Amino acid sequence: MIFFSLAYYAIFVGLHLALLLGVFLERKREISALKEEAGSQWPFVSVVIPVHNESKRIGALLNSIEKQNYQNAEYIFIDDRSKDNTPELLAAFADKIDKGDNRTSIKILSLTENPGPNHKQFALAFGIDEAKGEFLLFTDADCELPPLWIRGMVRRMSNAKTGVMIAPVLKRPLVEGIFKKKSFFSLYQCYEHGIRYVYLAGAAGLGAAGGGFGNNIIIRRATLDTIGGYRKVPPSPTEDAALVSLVRSSTDFKVRAALGSDVHIITESEDFWRLFIKQTLRWNNGGLFSPDPTTRLNYNFLMITITMGVLALPLLPFLPSILLLPLGPLTVMILNSISNFGFLYPSLPKRKLGYVLPLLFTPVYFTFMTILGYLGIKPEWKGKKV
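Parameters and conventions
- Residues numbered from 1 in each chain as written.
- Predicted model: local features only at pLDDT ≥ 70, side-chain atom pairs only at ≥ 80, totals over all residues.
- Heavy atoms only, no water.
- Helix = DSSP H or I, 4+ residues; strand = E, 2+ residues; numbered from the N terminus.
- Rg over C-alpha atoms; globule rule 2.2 N^0.38 Å.
- Buried < 20%, exposed > 50% of the residue type's maximum accessible area, 1.4 Å probe, protein only.
- Contact = heavy atoms within 4.5 Å.
- Lys, Arg positive; Asp, Glu negative; His and termini not counted.
- Charge placed at Lys NZ, Arg CZ, Asp CG, Glu CD.
- Salt bridge = Lys/Arg side-chain N within 4 Å of Asp/Glu carboxyl O.
- Pairing = 2+ DSSP bridges.

Asker: So what's going on with the overall build of the protein chain? Which residues, and what values?
Answerer: The helix and strand inventory of the protein chain stands at 12 helices and 12 strands. Its C-alpha atoms give the protein chain a radius of gyration of 21 Å, near enough to 21 Å, the size a compact globule of 386 residues would have. Each principal axis of the C-alpha distribution contributes one length, and for the protein chain these read about 70 × 45 × 40 Å. Residues classed as buried in the protein chain amount to 55% of the 386 residues present. Of the contacts formed within the protein chain by residues at least 6 apart in sequence, a portion of 82% connects residues at least 24 apart. For the protein chain, the distance from the average site of its 43 positive side-chain charges to the average site of its 33 negative ones is 6 Å.

Asker: Which residues make up the pattern of salt bridges, and what are the values?
Answerer: For the structure on display, the rule yields 17 salt bridges. A salt bridge links Arg-256 to Glu-26; the shortest N-O distance between them is 3.0 Å. Of the two residues, Arg-256 sits in strand E9 (residues 254–257) while Glu-26 sits in helix H1 (residues 2–34), which places them 230 residues apart along the sequence. In terms of burial, Arg-256 and Glu-26 fall into one category: buried. Here Asp-80 and Arg-81 are joined by a salt bridge, their closest N and O atoms 2.6 Å apart. Owing to a relative accessible area of 5%, Asp-80 belongs among the buried residues under this scheme. A residue is classified by how much of its surface remains accessible, and Arg-81, at 27% relative accessible area, is partly exposed. Where salt bridges share partners, they join Arg-27, Glu-30, Arg-156 and Asp-262 into one cluster.

Asker: Go over the sheet that holds strand E7 (residues 169–172), please, and point to the residues and values.
Answerer: To summarise the sheet geometry, strands pair through backbone hydrogen bonds and adopt either a parallel or an antiparallel arrangement. One open sheet accounts for three strands, arranged E5-E10-E7; its pairing is mixed. Looking at which strands have only one partner, the edges of the open sheet turn out to be strand E5 (143–144) and E7. With four bridges connecting them, E7 and strand E10 (residues 265–268) associate as parallel partners. In the strand pairing of E10, Val-169 is matched with Ile-265.

Put into structure tokens, the structure is as follows:
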């Protein structure tokens, strides 16, 4: 048992040291890409944004679009059968932009039906069909974009071999409702989002990219053409991961990860644990049951090893020889936190010691999500089981 525990710890921690190296490699590549001159002519960019009943949350996005330091762009909104006043808000925004003296245009597309199976993926495909840009950027209606977002993402695509760039999405602390800004629930969402991105960036750095946040991705038009267009992406509850995996496995283009604060997108936190669990269960199931074999193998191995370590904890008083099993998740969370704070801290709440509890809770939460996934529990998303 001691030998098994030692082997487990060495493999588990060694894997995360490799992922940590992958994050540092990505930062080095990012710095190199940012040194390249974009030239006097910035390429035309299409920003594709699916929306569905977002009238209460879209205000921050629209305000941040107006502040973008990049004018050679079009914004394509796909209104997916909204029943609130989202269409009216978009129409007013488009009219406001059209009256301005700039090279920015707004397109509003409306879906009258959406057969799915992933409604967002269907809406994205519909919008991409209308996009004219050399690069396509994806984000969501509940996001706030930094002013240099488009410029920063385009600059990071200076290497022609880079086909896709994923970038961080961090959550905004809650300010209203039952759970306030300084609550554990609010802080944990911010911390957990950063930890997830550390995994994504590390995997990209090691050449094994298997996902990204779908509300902060840029893809080269030539890359889309190489895979046969966006409609070739297999249906998945995590369409962003399916796209990244397809590019990595079927093209010579590289999937890279951004880390700089100029491309950190901020999104809304969930108001209740129930909603947060639905969100993370969908992401977790997307990795566990990914159609891409490499992504599926890597993610299952990671989640199983975390789960083994957590489930070993209550057995420790009876089997002291398995001490290294629960120490494994604790060690790797410390390593992940170093990357999280080192690269994403500008967009994280400044709580210092307040992050100790989220650090300890994360492997337990990941274990809970993994068990639910293996039990076949499917979350409801956009009114449908996925």
